[in-house]
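Remarks on the overall topology
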Amino acid sequence: MSAMDRVVIELDQGWGFMEKGITKLKKILEGLDEPQFNPEDYMMLYTTIYNMCTQKPPHDYSQNLYEKYQESFDVYISSTVLPSIKEKHDVYMLNDLVKRWKNHKLMQRWLSRFFHYLDRYFIARRSLPPLNEVALTCFRTLVYTEIKGEVRTAVITLIDQEREGEHIERSLLKDVLGVFVEMGMGNLDYYESDFEAPMLQDTASYYSRKASSWIVEDSCPEHMLKV
């Protein structure tokens, strides 16, 4: 069927269908009893976006769909992701952050497939931020900036615990630091400013405190051996 022969899909109608697919994806991410997408599901969602983007004006809804792509992340993050992380503390918060970040990337991959036509044509022509960048920016703005201080404190606490000989979950530490790195989308600016610099400052403070305690607790020769 040619573009001229197609029945026009109005914005509300088409987006209503897309919302059902996005809701299904959210349920899967939340671990609810929801069947996985099958090839027919995927093709229907992809084709809906394609058709809505290739209709003749004023029914070309590319810009609207680009905005609704971001809105989908904003709503899910604000209503579900951020509250879930903020209600937890310490290691539990770090574990949830890692889980939510992995789910966010999974959601981005699926939605980018559904909205692929936007990335390939509309966004390229308009020189707009690509879909993966839009998704990451949503997480960085709505989640990362809100909790980075608490996350940094929790991570430094884990590092201090390991310095004291306690066992910590190193894989969790690695995953959380990976979040700091990935916020930079290819550079280390966020990692360096939001984690590395404060961590180095804490390291200096930690050994300064330890040295002071050694002086108080130990005789001079014993203290010199530790230093």
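Cut-off values and rules
- Residues numbered from 1 in each chain as written.
- Predicted model: local features only at pLDDT ≥ 70, side-chain atom pairs only at ≥ 80, totals over all residues.
- Heavy atoms only, no water.
- Phe/Tyr/Trp six-rings, centres within 6.5 Å; stacked < 30°, edge-to-face > 60°.
- Helix = DSSP H or I, 4+ residues; strand = E, 2+ residues; numbered from the N terminus.
- Buried < 20%, exposed > 50% of the residue type's maximum accessible area, 1.4 Å probe, protein only.
- Arc of directions from axis to C-beta.
- Contact = heavy atoms within 4.5 Å.
- pLDDT = per-residue confidence, 0-100.
- Expected span 1.5 Å × (residues − 1).
- Axes fitted to C-alpha atoms, helices over the stretch in contact; angles between N-to-C directions.
- Parallel < 35°, antiparallel > 145°, perpendicular 65-115°, else oblique.
- Left-handed = near helix turned anticlockwise from the far one by under 90°.
- Nonpolar A, V, L, I, M, F, W, Y, C, P; charged D, E, K, R; others polar.
- Salt bridge = Lys/Arg side-chain N within 4 Å of Asp/Glu carboxyl O.
- 1 Å grid on protein atoms, 1.4 Å probe; cavity = no way out; pocket = protein on both sides within 12 Å on 5 of 7 lines; lining within 4 Å.
- Points joined across faces, edges and corners; volume = space filled by probe spheres on them.

Let's talk about the packing of aromatic side chains
A complete count under the given rule lists 16 aromatic pairs for this structure. Ring centres of Tyr191 and Phe195 lie 5.7 Å apart, and the angle between their planes is 40 degrees; on these two criteria the pair is classed as tilted. Highlighted residues: Tyr191 and Phe195, both in helix 8 (residues 189-217), separated by four residues, approximately one helical turn. Phe195 shares its class with Tyr191; the two are buried.

Considering helix 5 (residues 116-126)
Within the span of helix 5, buried status applies to Tyr117, Leu118, Phe122 and Ile123. Burial along helix 5 is one-sided: seen end-on, the buried residues are contained in an arc of 135 degrees. Away from its buried face by more than 90 degrees, helix 5 exposes Arg120 and Ala124. Elements in contact with the buried residues of helix 5: helix 2 (39-54), helix 3 (62-86) and helix 6 (131-163). Of the residues flanking the end of helix 5, it is Ser127, one or two places downstream, whose phi is positive at about 55 degrees.

Looking at the confidence of the model for the protein
Chain-level pLDDT for the protein is 89 on average; 87% of the residues reach the 70-or-more range. When the elements of the protein are averaged for pLDDT, helix 9 (residues 220-226) gives the smallest value, 45, and helix 3 the largest, 98. Confidence drops under a pLDDT of 50 for residues 219-227, and excluding neighbours within four residues, the segment shows seven contacts in the predicted structure.

Some points on helix 7 (residues 170-182)
Taking 1.5 Å as the rise per residue, helix 7 with 13 residues should run 18 Å; its terminal C-alpha atoms sit 18 Å apart, in good agreement. Leu172, Leu173, Val176, Leu177, Val179 and Phe180 are the residues of helix 7 that are buried. Projected down its long axis, helix 7 carries its buried residues within an arc of 140 degrees, all on one side. Across from the buried face of helix 7, at angles greater than 90 degrees, the exposed residues are Arg170 and Lys174.

Concerning the packing of helix 3 against helix 6
Between helix 3 and helix 6, whose axes approach to 10 Å, the crossing angle comes to 30 degrees. When the interaxial angle is binned, helix 3 and helix 6 end up roughly parallel. Seen along the crossing, helix 3 lies across helix 6 with a hand that is right-handed. Taken together, the residues of helix 6 that come into contact with helix 3 (itself represented by Tyr66, Tyr69, Gln70, Phe73, Asp74, Ile77, Ser78, Val81, Leu82, Ile85 and Lys86) are Leu131, Asn132, Val134, Ala135, Cys138, Phe139, Leu142, Val143, Glu146 and Ile147. By residue class, the composition of the contact of helix 3 with helix 6 is 15 nonpolar, three polar and three charged.

Comments concerning the pattern of salt bridges
Counting across every chain of the model gives eleven salt bridges. Overlapping salt bridges, with partners in common, bring together Glu30, Glu87, Lys88, Asp96 and Arg100 in one network.

Section: the packing of helix 2 against helix 5
The interhelical angle for the contact between helix 2 and helix 5, taken along N-to-C directions, is 25 degrees, at an axis separation of 9 Å. By the angle class used here, helix 2 and helix 5 are roughly parallel. Seen from helix 2, the contacting residues are Tyr46, Tyr50, Cys53 and Thr54; seen from helix 5, they are His116, Tyr117 and Leu118. Looking at side-chain class alone, the contact of helix 2 with helix 5 contains five nonpolar, two polar and no charged residues.

What to know about empty space enclosed by the protein
This model, assessed by the stated rule, comprises one cavity of 30 Å³ or more. Of the pockets and cavities examined, the largest cavity occupies roughly 40 Å³. What lines the largest cavity is simply Leu97, Tyr144, Ile147, Lys148, Val151, Val179 and Phe180. When contributions to the lining of the largest cavity are tallied by element, the ones reaching two or more residues are helix 6 and helix 7. Sort the elements by how many residues they give to the lining of the largest cavity and helix 6 lands first, with four residues.

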